[in-house]
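A look at the structure
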Amino acid sequence: MSVPMNVRAARAIMWTYLATGLTIFLLMLLLGIAMRAEQAGWITLAPGSFYSMLSLHGIGMIVAMAIAGLGTLWYFVNREIQLDARIAYTAYGFFVAGVVCVIVAVFPGHYGALWTMLYPLPFIGTYWPSWATGVWLIGNALAIAGFVILCAQMLAALLARYGGFRGVLAIDYVFQHRRFSEEGKEPPPPQMFAAAITAIDGLISSALGMLYGIAMIVHWIDPSVPLNPLWAKNLIYQFGHTFANLTIYIAVAGVYVGLAHCTKRKYHTSVPLVVAWWGTLLFVILAYFHHLYMDFVQNEALQYIGEIASYLAAIPVVVVTIFSGVMLVHRSGLRWGLGALFLYAGMIGWVVGGIAAVLDATIPINFDLHNTLWVPGHFHTYLLEGVLLFILGWMFVQLEQRSGTLSSLLTRWLVGIGIFGGGALFVLGFYIAGAAGVPRRYAIEPAPGPQMASIATIGAIIVLAGFLAMVFEALRMARLPATEANA
Amino acid sequence: MNGRLLLASLVLLATVLFALAPLYRHGDVPIAIHHLLHALILFGAALAALLFTWPGAPRAPGRVPWLLITLLSPLAAMLLMWPSEYSVFEREPALHALQHLGLVLFGFLTAYAGQRFAAGIGIAMSATMLLMGLLAAGGFGVSPPLQVH
Ligand code: HEM
């Protein structure tokens with residue numbers, strides 16, 4: 001049986017995005033280890049280098065996860081309605097151009113005002129040349145453009161496939177459930193909600209990110225144009241937080257499809273699942289206000305909106321997805337290959353990181369944890385132990401299905417202990433130091449920062465070993481002959 | 001000409017006349033208000049384009065060039081709203097009117113190219129462009145004095 005042209009082209013796109021995202025991830029992981037080792041006092045970097053590396057690591061990791069996840073999501077949408085591959089490659093071109101610019105801004109440019117590029121920091125008292133700031137800003141704009149292209153393409157496809165927003169958001173399915181079922185209609189499958197919410201929220205927040213980018217580029221060219229710093233902070237955090245947060249919703253599509261593959265059961269769309277996704281749609285774009293709790297000039301009502309939205313964006317969809325996921329696995333006779341293991345472990349990372357996040361988004365608790373290492377603690381948990389694992393999970397489900405084999409027990413233990421065990425040790429260092437009040441984003445930290453950083457560095461090196469073992473295993477499986485059904 | 005096309009033409013005409021205001025109205029307008037007036041121009045132009053392309057039955061996404069035009073036009077519009085140029089524009093009404101016509105063009109293109117790419121995308125891109133235009137009033141070229149140097 002031969003694979004249709006469209007499916008082959010779509011797979012090529014998915015694997016291109018996956019391979020690119022995971023390669024960037026590996027490079028950024030090395031930077032991460034170097035930074036944590038400096039915080040531990042194991043190595044000493046040139047002054048300023050830590051902040052340049054932190055800038056690249058922060059943006060690079062998020063973009064790496066977005067690229068890998070978007071390739072997968074694009075593939076899923078293409079299964080529902082055929083997409084034009086050229087558009088996916090155009091977006092890819094924008095992403096790659098953006099990544100190259102950002103790398104040039106840091107090596108050799110030494111840009112060091114972090115991924116937030118918060119106005120006016122990239123322009124005042126810098127230790128890097130002005131061109132590096134410009135190239136950084138342009139690189140970011142290019143990457144956002146790539147994201148917008150994919151969002152627009154996916155949204156257009158979904159609108160066409162399900163008959164406008166009403167169909168995409170399954171409004172009739174929820175409000176006229178009985179009639180909907182009697183007419184024999186089907187709501188979109190769960191992964192399409194991930195695609196729709198990514199596309200809609202992605203377009204909204206990218207508009208804000210682009211406005212910020214243009215305002216910053218204008219200020220870079222013509223410093224006489226002032227920007228309002230509070231306005232600027234709202235824009236960049238709205239975009240940055242939403243984009244980073246969306247990576248989990250992008251990647252969770254892999255859980256819906258992958259777990260269903262592994263258990264040979266269907267991941268059904270249900271009314272609670274749809275309503276939970278509506279919550280995410282609305283609240284993800286408002287949750288970012290929790291980044292501005294310490295900005296006393298911010299309107300007070302927005303602070304409360306930020307707190308409520310932080311809870312409502314995350315909790316319903318996590319609860320419904322995980323509950324359905326566990327039900328799917330229960331008594332399914334699932335064989336625990338690396339694919340299923342990653343997907344399942346990723347749900348744990350999502351929950352732990354999510355709980356740590358909403359704790360920090362709770363105003364009285366935020367008084368203590370704001371800008372401490374607790375913050376990288378929570379997002380590394382859900383990015384490293386959630387998003388990454390979802391992506392790897394889907395990747396291995398594909399490889400296992402294609403070759404009709406599972407990895408050996410030893411390999412599963414090695415990879416599992418490496419990525420999950422090492423990762424747990426790594427994030428633990430952030431949590432303990434954060435709870436003790438050690439500030440984030442410092443090359444040299446007060447106690448117990450360096451002690452915790454030492455433990456975390458060991459954890460991160462174990463993650464690296466596990467990741468490399470995973471890469472070798474993936475390459476080995478990819479070289480195995482395909483089973484007849486998947487030839 | 002049917003009613004829809006007539007309405008679209010009227011909206012476009014009204015937007016162009018509004019955009020030509022610098023030729024027949026003078027006086028200083030604060031930057032924030034100026035941004036809002038620009039957003040109004042973008043709105044009028046996009047609305048006209050949407051009316052011209054209406055009704056578009058949802059269909060599968062189309063060609064790359066339309067997508068690139070609908071992506072880049074709002075960015076070009078925001079660049080045209082570059083605040084420090086106001087002084088030059090204020091002195092040269094013809095230039096100022098030309099800048100406004102540029103906004104009409106980019107506003108129109110955003111919606112038109114979006115709808116040509118796929119029905120619904122012109123609406124979505126116009127809405128986000130309008131959001132950008134309105135938000136610009138909050139801080140693009142407008143700020144309390146900075147306390148750091
Ligand atoms: C084992 C792997 C990793 C290591 C060793 C590592 C290391 C670090 C370190 C040391 C910091 C600085 C913390 C601080 O003092 O504020 C940091 C920040 C950060 N990391 Fe990672 N990281 C890893 C994985 C990831 C992943 C998977 C992501 C995202 C997908 C990520 C995204 C970020 C971001 C966004 C920041 C914040 C940058 C900023 O504060 O501007 N990291 N990481």
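Described below are features of the structure shown in this document. This structure is a prediction, so every number in the text was calculated from the model and none was measured. (Residues numbered from 1 in each chain as written. Chains lettered and ligands numbered in written order. Predicted model: local features only at pLDDT ≥ 70, side-chain atom pairs only at ≥ 80, totals over all residues. Heavy atoms only, no water.)

Regarding the environment of Phe289(A)
Residue and element names in this part refer to chain A. For phenylalanine 289, the location among the structural elements is in the loop between α10 (271-283) and α11 (300-329). Considering only alpha carbons, one finds phenylalanine 289 and proline 47, 242 residues apart in sequence, at a separation of 33 Å. Setting aside residues up to four positions removed in sequence, phenylalanine 289 forms contacts with Asn234, Gln298, Leu302, Gln303, Ile305 and Gly306. (Helix = DSSP H or I, 4+ residues; strand = E, 2+ residues; numbered from the N terminus. Contact = heavy atoms within 4.5 Å.)

Details of the packing of helix α14 (residues 374-403) of chain A against helix α15 (residues 409-435) of chain A
All names here are of chain A. Running from N to C, α14 and α15 point in directions that differ by 165°, and their axes come no closer than 7 Å. Considered as vectors, α14 and α15 are oriented roughly antiparallel to each other. Read as a crossing pair, α14 and α15 show a hand that is left-handed. Of the residues in α15, those in contact with Trp374, Pro376, Gly377, His378, His380, Thr381, Leu384, Glu385, Leu389 and Leu392 of α14 are Ile419, Phe420, Gly423, Ala424, Phe426, Val427, Phe430, Tyr431, Gly434 and Ala435. By residue class, the composition of the contact of α14 with α15 is 13 nonpolar, six polar and one charged. (Axes fitted to C-alpha atoms, helices over the stretch in contact; angles between N-to-C directions. Parallel < 35°, antiparallel > 145°, perpendicular 65-115°, else oblique. Left-handed = near helix turned anticlockwise from the far one by under 90°. Nonpolar A, V, L, I, M, F, W, Y, C, P; charged D, E, K, R; others polar.)

Quick word on a nonpolar patch on the surface
Residues and elements named next belong to chain B. A cluster of nonpolar side chains, Phe18, Val29, Ile33, Leu36, Leu37, Leu40, Phe43, Leu47 and Leu134, forms an exposed patch at the surface whose accessible area comes to about 690 Å². Looking at which element gives the most residues to the nonpolar patch, the answer is helix α3 (residues 31-53), with six residues. Take leucine 134: it is sitting in helix α7 (residues 121-136). (Patch = residues over 30% accessible without salt bridge, like charges linked within 9 Å, V, L, I, M, F, W, Y side chains within 5 Å. Areas by Shrake-Rupley, 256 points an atom, 1.4 Å probe, with all protein chains shown as cover. Salt bridge = Lys/Arg side-chain N within 4 Å of Asp/Glu carboxyl O.)

Some details on the interface of chain B and chain A
Each side of the interface is counted separately: chain B has 37 residues, and chain A has 40 residues. If you look at where chain B meets chain A, you find zero salt bridges. Linking chain B with chain A are six residue pairs in polar contact (both at pLDDT 80 or more), by the criterion used here. Broken down by secondary-structure element, the contributors of at least two residues to the side of chain B that touches chain A are α4 (64-80) and α7 of chain B. By residue number, the principal contributor to the side of chain B that touches chain A is α7(B), which donates eight residues. Its residues assigned to classes, the side of chain B that touches chain A comprises 27 nonpolar, nine polar and one charged. (Polar contact = N/O pair within 3.5 Å; in protein donor to acceptor, adjacent residues only side chain to side chain.)

Points about α4(B)
An α-helical segment advances 3.6 residues per turn. Residues three or four places apart therefore align on the same side. With 17 residues, α4(B) should cover 24 Å at 1.5 Å per step; its first-to-last C-alpha distance of 24 Å lies within 8% of that length. Considering bend angle alone, the principal kink of α4(B) is centred on Leu72(B) and spans about 25°; proline Pro74(B) follows within four residues of it. Turning to α4(B), its buried residues number three or more, namely Val64(B), Leu67(B), Thr70(B), Leu71(B), Ser73(B), Pro74(B), Leu75(B), Ala77(B) and Met78(B). Structurally, α4(B) contributes buried residues whose contacts are with α3 (85-106), α4 (130-162) and α8 (190-221) of chain A together with α3, α6 (93-117) and α7 of chain B. (Expected span 1.5 Å × (residues − 1). Bend = angle between axes of the 7 residues up to and from the residue. Buried < 20%, exposed > 50% of the residue type's maximum accessible area, 1.4 Å probe, protein only.)

Overview of the pattern of salt bridges
Counted according to the given criterion, the structure contains seven salt bridges over all chains. A salt bridge links Glu183(A) to Lys185(A); the nearest nitrogen and oxygen atoms lie 3.0 Å apart.

Notes on the site of the ligand
Residue and element names in this part refer to chain A. Not every one of the 25 residues close to the ligand is listed here, only the nearest: Gln39, His57, His380, Arg440 and Arg441. Histidine 380 has a polar side-chain atom sitting 2.8 Å from a nitrogen atom of the ligand. In this structure, an oxygen atom belonging to the ligand sits 2.7 Å away from a main-chain N or O atom of arginine 441. Within the residue set of the shell around the ligand, elements represented by two or more residues are α1 (5-40), α2 (49-80), α14 and α15. For the shell around the ligand, the leading source of residues is α1, giving seven residues. (Near = heavy atom within 4 Å.)

Bear in mind that shape data such as this cannot, by itself, settle questions of function.
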